[in-house]
Amino acid sequence: MNIIAHSSPNIALIKYWGNRNDEWRLPAADSLSMVLDFPTVKAEIEPAKTFTVRSYDHAGIEKPQNEASVQRLKKHWELSKQFLGSIGRAKGIPQDVSITIRSGIPPAIGIASSAAVFSCLAEGYSGLATGTPLTREEVSILGRLGSGSGARNSFGGYVALENHGEGIESAYGRQIADEHHWLLHDIIIVPSREEKKVGSTEGHALAATSPLLKERLEQIPGRMRKCIDALQAKDFEKLRRASEEDALDMHRVMQTQTPPLEYLSDATHRIIRDIEKLRTNDNLNVLYTMDAGPTVHLICTEDSKEAVEKFAQQQKDCIVFKAKTGSGSHIVI
Ligand code: DP6
């Protein structure tokens, strides 16, 4: 039986950077994100004699994955089988699968496409297991085995990725609040469509070379608490302070690791300066955050959305995408 699954990216409010185990993508610290409703990824999983991948881009054009991507997808499949075996859920899991990925995410726009793709596959693989459905935590673990931040897509709304112990199963998502709790928008400003030179997987593996990582890891539990409290209380100002502090802190770690990673561009800094001015002048509920790229995510409340969109559209030579709080990964059939 073929399984079809859907997923979408998420945007971190407390960032995941650095692993305690690279092989299993066990993060060095907890993280927290808002799941987005757009753009979506669809994956079709079919039992097969050998592992094969077909993929289509956002325009529906077949775009073969490069060898490194195929190897990453295959490794994820092997780790998924290993994990499902370790929890006694191997029944129904075929030796191999043929997967078709249709991604609605334009490449290299600075929104986490790997999280969306691997959480989508995780959802699809979970649907192959016979018997009772896997728990959302188990689906989260499957996602994490392909992309650390993909663990935060197995629930809707606001999701923490938390560490519990040592084994392959020892980090998974927890829903802080669902997508109906608080509608926030993410107005995404993309200043450059250049492929990034160093991807997150490589970057995580070198995070420990930064002299600032230790202090960052000590700060995260306090910031996580603040962010969780802010989300539960819908306290935008508290959320803004904790999440902006954390985003800038992650970029300082990236910039001081060996070799240094500079993902932010002049355009990023200019957008940040201008939005800071605008929100003070116009009293807007908007916060900025950046992942591993120059793209600026402006997260705002419904009442500030129009002004933030107008600001985004005024940015020269930038592409703008709009998303909002979403419902996470799902099986469609
Ligand atoms: C900067 O989950 O993309 O976006 O496991 O290599 O896929 P891989 O890493 P990934 O790392 C996310 C890094 C980040 C911050 C975040 O989303 O928390």
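What comes next concerns the included structure. (Residues numbered from 1 in each chain as written. Predicted model: local features only at pLDDT ≥ 70, side-chain atom pairs only at ≥ 80, totals over all residues. Heavy atoms only, no water.)

Pairs can form between side chains of opposite charge whenever their charged atoms are close. One pass over the full model with this rule turns up 22 salt bridges. Here aspartate 37 and lysine 324 are joined by a salt bridge, their closest N and O atoms 2.8 Å apart. Taken as a pair, aspartate 37 in the loop between strand S5 (31–35) and strand S6 (41–48) and lysine 324 in strand S14 (residues 319–324) lie far apart in primary sequence, 287 residues in all. With a closest N to O distance of 2.9 Å, arginine 216 and aspartate 246 form a salt bridge. Of this pair, arginine 216 sits in helix H5 (residues 213–233) while aspartate 246 sits in helix H6 (residues 236–256), placing them 30 residues apart in sequence. Overall, the relative accessible area of 0% leaves aspartate 246 in the buried class. Sharing partners across several salt bridges, the network here consists of Arg216, Arg223, Glu245, Asp246, Asp249 and Arg252. (Salt bridge = Lys/Arg side-chain N within 4 Å of Asp/Glu carboxyl O. Helix = DSSP H or I, 4+ residues; strand = E, 2+ residues; numbered from the N terminus. Buried < 20%, exposed > 50% of the residue type's maximum accessible area, 1.4 Å probe, protein only.)

Moving on: the environment of leucine 142. Examined against the element boundaries, leucine 142 turns out to sit in helix H3 (residues 136–144). If we skip the residues at most four places from it in the chain, leucine 142 touches His76, Ser80, Phe83, Leu84, Ala122, Ser126 and Leu134. (Contact = heavy atoms within 4.5 Å.)

Let's shift gears to the packing of aromatic side chains. Per the stated rule, a full pass over the model turns up two aromatic pairs. Seen in terms of ring centroids, tryptophan 182 and phenylalanine 236 are 6.3 Å apart; in terms of plane orientation they differ by 85°. Their pairing is edge-to-face. One end of the pair, tryptophan 182, is in the loop between strand S10 (171–177) and strand S11 (184–190); the other, phenylalanine 236, is in helix H6, with 54 residues separating them in the sequence. Residue tryptophan 182 is classed as buried on the basis of its relative accessible area of 10%. The cationic tip of arginine 102 hangs over the ring face of tyrosine 56; the distance from NZ or CZ to the ring centre is 4.4 Å. (Phe/Tyr/Trp six-rings, centres within 6.5 Å; stacked < 30°, edge-to-face > 60°. Lys NZ or Arg CZ within 6 Å of the ring centre and 35° of its normal.)

Taken together, 16 residues form the shell around the ligand, and within it Arg72, Ser147, Gly148, Ser149 and Thr201 come nearest. Contacts to the ligand include tyrosine 16, whose backbone N or O atom sits 2.8 Å from an oxygen atom. For the ligand, an oxygen atom lies 3.3 Å from a polar atom in the side chain of serine 114. In the complex, 97% of the free accessible area of the ligand, which totals 450 Å², lies under the protein chains. Among the elements that make up the shell around the ligand, the one with the highest residue count is helix H4 (residues 200–205) (three residues). Partitioning the shell around the ligand into residue classes produces four nonpolar, seven polar and five charged. (Near = heavy atom within 4 Å. Polar contact = N/O pair within 3.5 Å; in protein donor to acceptor, adjacent residues only side chain to side chain. Areas by Shrake-Rupley, 256 points an atom, 1.4 Å probe, with all protein chains shown as cover. Nonpolar A, V, L, I, M, F, W, Y, C, P; charged D, E, K, R; others polar.)

Here we come to the pairing of S5. Taken residue by residue, a regular strand's side chains alternate between the two faces of the sheet. Summarising burial for S5: five of the five residues are buried, a large majority. Side-chain alternation along S5 places Ser31, Ser33 and Val35 on one buried face and Leu32 and Met34 on a second face that is also buried. Here strand S2 (residues 10–14) runs beside S5; their pairing, made up of four bridges, is antiparallel. Each bridged residue has a counterpart across the sheet, and for asparagine 10 the counterpart in S5 is valine 35. Here S5 pairs with strand S9 (residues 158–163) via four bridges, running antiparallel. Bridged to leucine 32 within S9 is alanine 160. (Pairing = 2+ DSSP bridges.)

It is worth spelling out the pairing of strand S13 (residues 296–301) at this point. Counting buried positions over the six residues of S13 gives six, a clear majority of the element. Side chains Val296, Leu298 and Cys300 project from S13 onto one buried face, and the interleaved His297, Ile299 and Thr301 project onto a second face that is buried too. Both S11 and S13 contribute to a ladder of six bridges, which runs antiparallel. Within S13, the position partnered with leucine 184 by the bridge is threonine 301. Sheet topology places strand S12 (residues 286–289) next to S13; four bridges connect them, and they run antiparallel. The residue of S13 that forms the bridge with valine 286 is cysteine 300. Where S12 hands over to S13, the hairpin turn is made up of six residues, counted between the paired strands.

With that settled, consider the nonpolar core. Grouped burial of nonpolar side chains is what soluble globular proteins tend to show. Of all hydrophobic cores here, the largest spans 31 residues; its most connected members are Ile45, Leu73, Val97, Ile99, Leu121, Tyr125 and Leu128. Those elements that provide at least two residues to this core are strand S1 (3–7), S6, helix H1 (67–86), strand S8 (96–103), helix H2 (113–128) and H3. No other element matches H2, which puts eight residues into this core. Apart from the residues within four sequence positions on either side, leucine 128 is in contact with Met1, Ile3, Ile45, Trp77, Lys91, Gly92, Ile93, Pro94 and Val97. Membership of the second largest hydrophobic core comes to 28 residues, among which are Ala160, Val190, Ile220 and Ile228. (Core = buried A, V, L, I, M, F, W, Y, C linked by side-chain atoms within 4.5 Å.)

Attention now goes to the packing of H1 against H2. As a packed pair, H1 and H2 sit with axes 11 Å apart at the nearest point and diverge in direction by 40°. Taken together, the axis directions place H1 and H2 in an arrangement best described as oblique. Seen along the crossing, H1 lies across H2 with a hand that is right-handed. Counting all contacts with H1, which are made through Arg72, Leu73, His76, Trp77 and Ser80, the residues of H2 involved are Ser114, Val117, Phe118, Leu121, Ala122, Tyr125 and Leu128. (Axes fitted to C-alpha atoms, helices over the stretch in contact; angles between N-to-C directions. Parallel < 35°, antiparallel > 145°, perpendicular 65-115°, else oblique. Left-handed = near helix turned anticlockwise from the far one by under 90°.)

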